[in-house]
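Coordinate analysis (summary)
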Amino acid sequence: EILQDEIDWWSKYYASIGDMDKCGDYLDKGYDTVTVFEQPLEEIDHNNHFTDFCDTFELKRGKTKDDEESDIVGEFKGTFRVYPLPGDPNAPLPSKHLRFLPKSDPEECLIRVYLIKAVDLQPQDPSGLADPFIKLKLGNQTISDVDNYLPNTINPVFGKMFEMKAMIPVHKDLKVTIMDYDRFSQDDIIGETVIDLENRLLTKFRATCGLPKTYNTSGPNVWRDTQTPKQILEDYCKKNLLHEPRYYGNNSLSVEGKMYNLADFETNHIHNEYQGPSDQRLALYTLHQYPLVREHIETRPLYSPLLPGIEQGKLQMWIDIFPIGIGRPGPPFDITPRKPKKHILRCVIWNTSDVVLDETSITGEKMSDIYVKGWLMGQDEKQETDVHYRSLDGDGNFNWRFVFPFDYIPPEQTMIVKRKDHFWSLDETEERVPPTFIIQIWDNDQFSPDDFLGTLELNMNHMPKPAKSSGKCKMSMLPDAQGNSKNMVSLFEQKRVKGWWPCVNEETGARELAMTSPIRSLTAYCISRVGYKKYPLNCIT
């Protein structure tokens, strides 16, 4: 249950940005990706700020005082068309340019705002970090997510979706503000961005809901629009004065004399069990031949009213607009950030062999007082075995168990570490690190600092396969400087691993074999929210 690949919206996101380590086998299943723009959607070249239907003119008044910052008092939206009249008054008038105008009455819409993450926010605290949270304003509605602020970060992953209703164009400007939470003073504005919802609703590019690549009736990419692809295609042809699409069975259609065949679009296409009827899929593929907004994520710059013109960071997000009069939209995407699962690592140190003899006894014999120290990367807790005194041949016997609880996200193969930066800190800082187990061999000294003998780092997702005996344990088992090695295993896939690993000492600048250490595995225990469950995880013991 814990080890299986989890397909969620974040798998889609990481596959879209090329982070293959975190998306699992999402692409192998033939699922859709999404286009991630590095700029606002309206600034994409062919979108032209969505002013194809009407232009926006600023209304100004004369300044009454020289120190006034702006003389803009509002906006006028409209469009003008000049028609040449024929010389003969009895001749027919030229055809109108504007047809199928939208209703002049305000239209009630459901607005879904998806906020993914912010990037490189301007620090607000003396620590060089911030405590960001989201604030939305649309007309008289205000949503503040201050209770879910993210402490000590300038790259927060929000993973939030908010729903609002609005009468467009009465309330058309959606303001998204990233705030900095302050416990003992007023919250500060980090930056904000404003989206004109009316332009997106009226544009011919259909910026209300981006078109996905495939039509799915269920699964992780279920269709979420209020209209089916066939309905969207019919509306597009009507508004652009094109002939209605003509279907020939379920696998062919023509628009304006051009024929589209389903087989042409699905050549070498990986089919999945969630795809919808063939006629709807064909209509969607046909829509992709026209300049309509695709499924996307836009990146919007954030600006502070206190520092106009100076960017304060970026925000990745997208917006869906659904006119309520058309119908009920599909279910929203769940973009909640992945939650770590609680694990326990149990590691038993059995023996050491051929440890470097670092001390000299009173009789002149070389010896070492050997003990082993272990910890997980990023965690402060370190555990030690007892001491094997007076080892004359480098062998040590322990049978000592380490136990380390940790939080782990299986799809991302990362470990979550939370800790306070200072003892007076009120919030914990979250850090994501590889699940690396570190083992060190030391020589115990009574009246001087202990001597370091060797170390071993094991990434539990990509660790060298152990040797069956100490004689076969070589330094070549370890990855090279580039992390390459022939025989690597995943502890989370193997369930249990035992054998001998080499420990090295690089204090001289060159890698030297310090000893070999057998580490044997036992059954791990995973703590779930409802109690303890046994799972045969790959855990070092």
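The rules behind the values
- Residues numbered from 1 in each chain as written.
- Predicted model: local features only at pLDDT ≥ 70, side-chain atom pairs only at ≥ 80, totals over all residues.
- Heavy atoms only, no water.
- Helix = DSSP H or I, 4+ residues; strand = E, 2+ residues; numbered from the N terminus.
- Rg over C-alpha atoms; globule rule 2.2 N^0.38 Å.
- Areas by Shrake-Rupley, 256 points an atom, 1.4 Å probe, with all protein chains shown as cover.
- UniProt positions renumbered as here; feature names shortened; annotations may be inferred.
- Patch = residues over 30% accessible without salt bridge, like charges linked within 9 Å, V, L, I, M, F, W, Y side chains within 5 Å.
- Salt bridge = Lys/Arg side-chain N within 4 Å of Asp/Glu carboxyl O.
- Axes fitted to C-alpha atoms, helices over the stretch in contact; angles between N-to-C directions.
- Parallel < 35°, antiparallel > 145°, perpendicular 65-115°, else oblique.
- Left-handed = near helix turned anticlockwise from the far one by under 90°.
- Contact = heavy atoms within 4.5 Å.
- Buried < 20%, exposed > 50% of the residue type's maximum accessible area, 1.4 Å probe, protein only.
- Pairing = 2+ DSSP bridges.
- pLDDT = per-residue confidence, 0-100.
- Arc of directions from axis to C-beta.
- Polar contact = N/O pair within 3.5 Å; in protein donor to acceptor, adjacent residues only side chain to side chain.
- Core = buried A, V, L, I, M, F, W, Y, C linked by side-chain atoms within 4.5 Å.

Structural notes on the overall build of the chain
- From N to C terminus, the chain includes seven helices and 30 strands.
- Radius of gyration (C-alpha) of the chain: 32 Å, far over the 24 Å computed for a compact globule of 541 residues.
- With the C-alpha coordinates of the chain rotated into their principal frame, the extents come out at 125 × 70 × 45 Å.
- Accessible area for the chain stands at about 28,800 Å²; split by element, carbon and sulfur atoms hold 49% of it.

Some words on the UniProt feature "domain: C2" (unreviewed entry) in the chain
- Under the feature "domain: C2" (unreviewed entry), the UniProt entry names residues 92-210 and 327-474.
- Here residues 92-210 runs as 5% helix and 45% strand, with 41 Å between its end C-alpha atoms.
- Along residues 327-474, the helical share is 0% and the strand share 51%, with 68 Å between the first and last C-alpha atoms.

A few points about a nonpolar patch on the surface
- On the surface, Phe 57, Leu 59, Val 73, Phe 76 and Phe 80 cluster together to form a nonpolar patch covering roughly 480 Å² of accessible area.
- Among the secondary structure elements, those contributing two or more residues to the nonpolar patch are β2 (55-60) and β3 (72-78).
- Tracing the backbone through its elements, the reader meets Val 73 in strand β3.

Here we look at the packing of helix α4 (residues 229-239) against helix α6 (residues 278-287)
- Relative orientation of the contacting elements α4 and α6 amounts to 40°, with a least axis distance of 8 Å. Our classification of the angle between α4 and α6 gives oblique. In this structure, α4 crosses over α6, and the sense of that crossing is left-handed. Along the contact surface, α4 presents Pro 229, Lys 230, Ile 232 and Leu 233, while α6 presents Asp 279, Gln 280, Ala 283, Leu 284, Thr 286 and Leu 287.

A few points about the environment of Leu 59
- With respect to the element layout, Leu 59 can be found in strand β2.
- The class for Leu 59 is partly exposed, based on a relative accessible area of 39%.
- Sequence-wise, Leu 59 and Val 73 are 14 residues apart; in three dimensions their C-alpha atoms are separated by 5.7 Å.
- Apart from the residues within four sequence positions on either side, Leu 59 is in contact with Asp 71, Ile 72, Val 73, Gly 74, Glu 75 and Phe 76.

So, the sheet that holds strand β12 (residues 258-261)
- On the basis of which strands lie adjacent, the open sheet formed by three strands has the order β10-β11-β12 and antiparallel pairing. Two strands lie at the open edges of the sheet, namely β10 (246-247) and β12, each paired on one side alone.
- Here two bridges tie β10 to strand β11 (residues 252-255), and the two strands are oriented antiparallel to one another. Bridge pairing links Arg 246 to Ser 254 in β11.
- Strands in contact with α6 are β10, β11 and β12; relative to β11, the strand with the most contacts, it is inclined by about 35°.

Some words on the pairing of β12
- As defined by bridge partners, β11 adjoins β12 across four bridges and the pair is classed as antiparallel. From the neighbouring strand, Leu 253 faces β12, where its bridge partner is Tyr 260.
- Hairpin geometry of β11 and β12 is characterised by an intervening segment of two residues between the two adjacent antiparallel strands and by a positive phi of about 55° at Glu 256.

Observations concerning the confidence of the model for the chain
- For the chain, the mean per-residue pLDDT works out to 86, and 90% of the residues sit at or above 70.
- Note on residues 520-541: pLDDT under 50 across the span, and 72 contacts to partners over four residues away in sequence or across chains.

Focus on α4
- Turning to α4, its buried residues are Pro 229, Ile 232, Leu 233, Tyr 236 and Cys 237. Projected down its long axis, α4 shows its buried positions confined to an angular sector of 130°, all on one face.
- On its buried face, α4 sits against β10, β11 and α6.

Things to note about helix α1 (residues 9-17)
- Where burial is concerned, most of α1 is hidden: seven out of the nine residues are buried.
- Turning to α1, its buried residues are Trp 9, Trp 10, Ser 11, Lys 12, Tyr 13, Tyr 14 and Ala 15.
- Buried positions along α1 lie against α2 (20-23), β4 (107-119), β7 (157-168), β13 (296-304) and β14 (307-323).
- Capping of α1 at its N-terminal end is provided by Asp 8; its side-chain oxygen lies 3.2 Å from the backbone amide nitrogen of Trp 10.
- Following α1 by one or two positions, Gly 18 adopts a phi angle in the positive range, close to 85°.

Let's talk about the nonpolar core
- Leu 345, Leu 376, Phe 406, Phe 437, Ile 441, Leu 456 and Met 460 are the most contacted members of the largest nonpolar core, which has 31 residues in total.
- Contributions of two or more residues to this core are made by β15 (341-352), β17 (366-376), β20 (396-409), β21 (414-419), β23 (436-443), β24 (451-459), α7 (491-494) and β27 (499-505).
- Among the elements that line this core, the one with the most residues is β20, at five residues.

A few points about unusual backbone geometry
- Of the consecutive residues Ile 168 and Pro 169, the connecting peptide bond is found in the cis state with omega at 15°.
- Checked against the element boundaries, Pro 169 lands in the loop between β7 and β8 (173-180).
- Positive phi is not limited to glycine here, since Asn 268 has a value of about 60°.
- Relative to the elements of secondary structure, Asn 268 occurs in the loop between α5 (262-265) and α6.
- With a relative accessible area of 78%, Asn 268 lands in the exposed category.

Focus on the pattern of salt bridges
- In this structure the tally under the stated criterion is 30 salt bridges.
- Between Arg 300 and Glu 298 there is a salt bridge, with the nearest N and O atoms lying 2.8 Å from each other.
- Exposure remark for Glu 298: the relative accessible area of 0% places this residue in the buried category.
- When salt bridges that share partners are traced, they join Asp 8, Arg 338, Glu 412, Lys 418, Glu 430 and Arg 432 into one network.

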